[in-house]
Amino acid sequence: MWKPRKRSTPQKRIDTLIGAGTSVLGNVTFTGGLRIDGKVLGNVIAVGADPCTLVVGEHAEVQGEIRVSHVVVNGKVVGPVMADGYVELQPRARVTGD
């Protein structure tokens, strides 16, 4: 029997913040909601079965792969972006990658 696909709703709250002026060297894994206002040199990957949301702030930079269910980009991303739900590119988004 055919089953309708469940729609995942985005995580509405931010559980973790990588603040402005903070640099992370290495991969970041998270559940829930993550906002990046600093710099991440590594992959950003959501783990677990629940929908997760990543927000890349206006002055933020991510150099690496992004794999989440929902992502909102308003900063700089260098690398592939993969989302199960949606990708939102805001006016100041700069993405170099797939």
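Refer to the preceding data block for the structure.
For the structure given in this document, a descriptive report is provided here. (Residues numbered from 1 in each chain as written. Predicted model: local features only at pLDDT ≥ 70, side-chain atom pairs only at ≥ 80, totals over all residues. Heavy atoms only, no water.)

1. Looking at the pairing of strand S9 (residues 66-73)
One face of the sheet, then the other: side chains in a regular strand alternate in exactly this way. For S9, the buried fraction is high: seven of the eight residues fall into the buried class. Where strand S6 (residues 44-46) lies against S9, two bridges are found, and the strand directions are parallel. Within S9, the position partnered with valine 44 by the bridge is isoleucine 66. Where strand S7 (residues 53-56) lies against S9, four bridges are found, and the strand directions are parallel. Pairing of valine 55 across the sheet is with valine 72, part of S9. (Buried < 20%, exposed > 50% of the residue type's maximum accessible area, 1.4 Å probe, protein only. Helix = DSSP H or I, 4+ residues; strand = E, 2+ residues; numbered from the N terminus. Pairing = 2+ DSSP bridges.)

2. Considerations on a nonpolar patch on the surface
Among the surface-exposed residues, Val87, Leu89 and Val95 lie close enough to one another that they form a single nonpolar patch of about 240 Å² accessible area. Secondary-structure assignment places valine 95 in strand S12 (residues 94-96). (Patch = residues over 30% accessible without salt bridge, like charges linked within 9 Å, V, L, I, M, F, W, Y side chains within 5 Å. Areas by Shrake-Rupley, 256 points an atom, 1.4 Å probe, with all protein chains shown as cover. Salt bridge = Lys/Arg side-chain N within 4 Å of Asp/Glu carboxyl O.)

3. What about the pattern of salt bridges?
Enumeration over the complete set of coordinates arrives at five salt bridges. One salt bridge connects arginine 13 with aspartate 15, and the closest N-O pair in it is separated by 2.7 Å. For aspartate 15, a relative accessible area of 38% gives the class partly exposed. Close ionic contact of lysine 39 with glutamate 61 constitutes a salt bridge, the shortest N to O distance being 4.0 Å. Of this pair, lysine 39 sits in strand S5 (residues 39-41) while glutamate 61 is found in strand S8 (residues 61-63), placing the two residues 22 residues apart along the sequence. Given the relative accessible area of 31%, lysine 39 is considered partly exposed.

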